[in-house]
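In case you want the letters, here they are:
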Amino acid sequence: MVNILEQYFVQFDELVLPTIGGISLVKIPAKWTGGTLEAPIVSIEFSTVKTKPSAHFFSFLADALSVSNEQAAIQYEIFLQKCFEEQNAILKIGNLGSVHKTGDQFNWVSSFQSASYFKDISISPIAIDVEEQVVSVKKVKWELVALILSLIAIVAILYKLL
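Here the structure is a predicted model, which means the values were calculated and not measured.

Draft legend 1. Quick peek at the sheet that holds strand E1 (residues 14-17). The sheet built from 3 strands is open, its strands ordered E1-E2-E5 with antiparallel pairing. With one partner strand each, in any of the chains shown, E1 and strand E5 (41-47) form the two edges of the open sheet. The mean inter-strand angle of the sheet, taken between neighbouring strand axes irrespective of direction, is 20°. One ladder, built from 7 bridges, connects strand E2 (residues 21-28) with E5; its direction is antiparallel. By the bridge assignment, Ile23 is partnered in E5 with Phe46.

Draft legend 2. Spotlight on the side chain of Glu6. As for its position among the elements, Glu6 is in helix H1 (residues 2-12). No salt bridge is formed by the buried Glu6; the nearest opposite charge belongs to Lys92, separated by 8.3 Å. Of the polar contacts made by the side chain of Glu6, one reaches the backbone nitrogen of Asn95; its length is 3.3 Å. Residues within four places of Glu6 in sequence aside, it is in contact with Ile93, Gly94, Asn95 and Leu96.

Draft legend 3. How the structure looks around the packing of aromatic side chains. For the structure shown, the criterion picks out 8 aromatic pairs. Taking 4.9 Å as the distance between ring centres and 80° as the angle between the ring planes, the aromatic pair formed by Tyr8 and Phe57 counts as edge-to-face. Taken as a pair, Tyr8 in helix H1 and Phe57 in helix H2 (residues 55-65) lie far apart in primary sequence, 49 residues in all. Using a relative accessible area of 4% as the deciding quantity, one classes Tyr8 as buried. Residue class for Phe57 comes out buried when judged on its relative accessible area of 3%. Where Phe57 meets Phe58, the ring centres are 5.4 Å apart and the plane angle is 65°; that geometry is what we call edge-to-face.

How each quantity is defined
Residues numbered from 1 in each chain as written. Predicted model: local features only at pLDDT ≥ 70, side-chain atom pairs only at ≥ 80, totals over all residues. Heavy atoms only, no water. Pairing = 2+ DSSP bridges. Helix = DSSP H or I, 4+ residues; strand = E, 2+ residues; numbered from the N terminus. Axes fitted to C-alpha atoms, helices over the stretch in contact; angles between N-to-C directions. Buried < 20%, exposed > 50% of the residue type's maximum accessible area, 1.4 Å probe, protein only. Lys, Arg positive; Asp, Glu negative; His and termini not counted. Salt bridge = Lys/Arg side-chain N within 4 Å of Asp/Glu carboxyl O. Polar contact = N/O pair within 3.5 Å; in protein donor to acceptor, adjacent residues only side chain to side chain. Contact = heavy atoms within 4.5 Å. Phe/Tyr/Trp six-rings, centres within 6.5 Å; stacked < 30°, edge-to-face > 60°.

This is the structure in structure tokens:
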């Protein structure tokens, strides 16, 4: 069951744990500050707002378990109840992190650190040599080219006729 929950979170960036809360992936995009491109920040945040999982989640779970949606909902609730029966229970969700139960409170401990994947990039300005020599290009007038081609064509026609 834990592998299925981890897979769902990775694919859809959220996971609802009924009567506990939910975890979601938060992304702050990279931004320019001076000459530095600051790395994006990606984190997994825990919310204690108690909501119900979506029908999409139960459909995903049902497909993974090869059962009906109703059976998937029941198995999910039973799984969570068994995980948190004890006073100091821990539900480890793959390599993402774990939910800890202390008394009646639930806390999220994330194992994911985006700083180990993304680094800031400093870019220095490119120095341009002002004294670079520019290669001059001679432009040929089109009229001259047309005249030369016309003369060649006339000579070829006369040669063919004679």
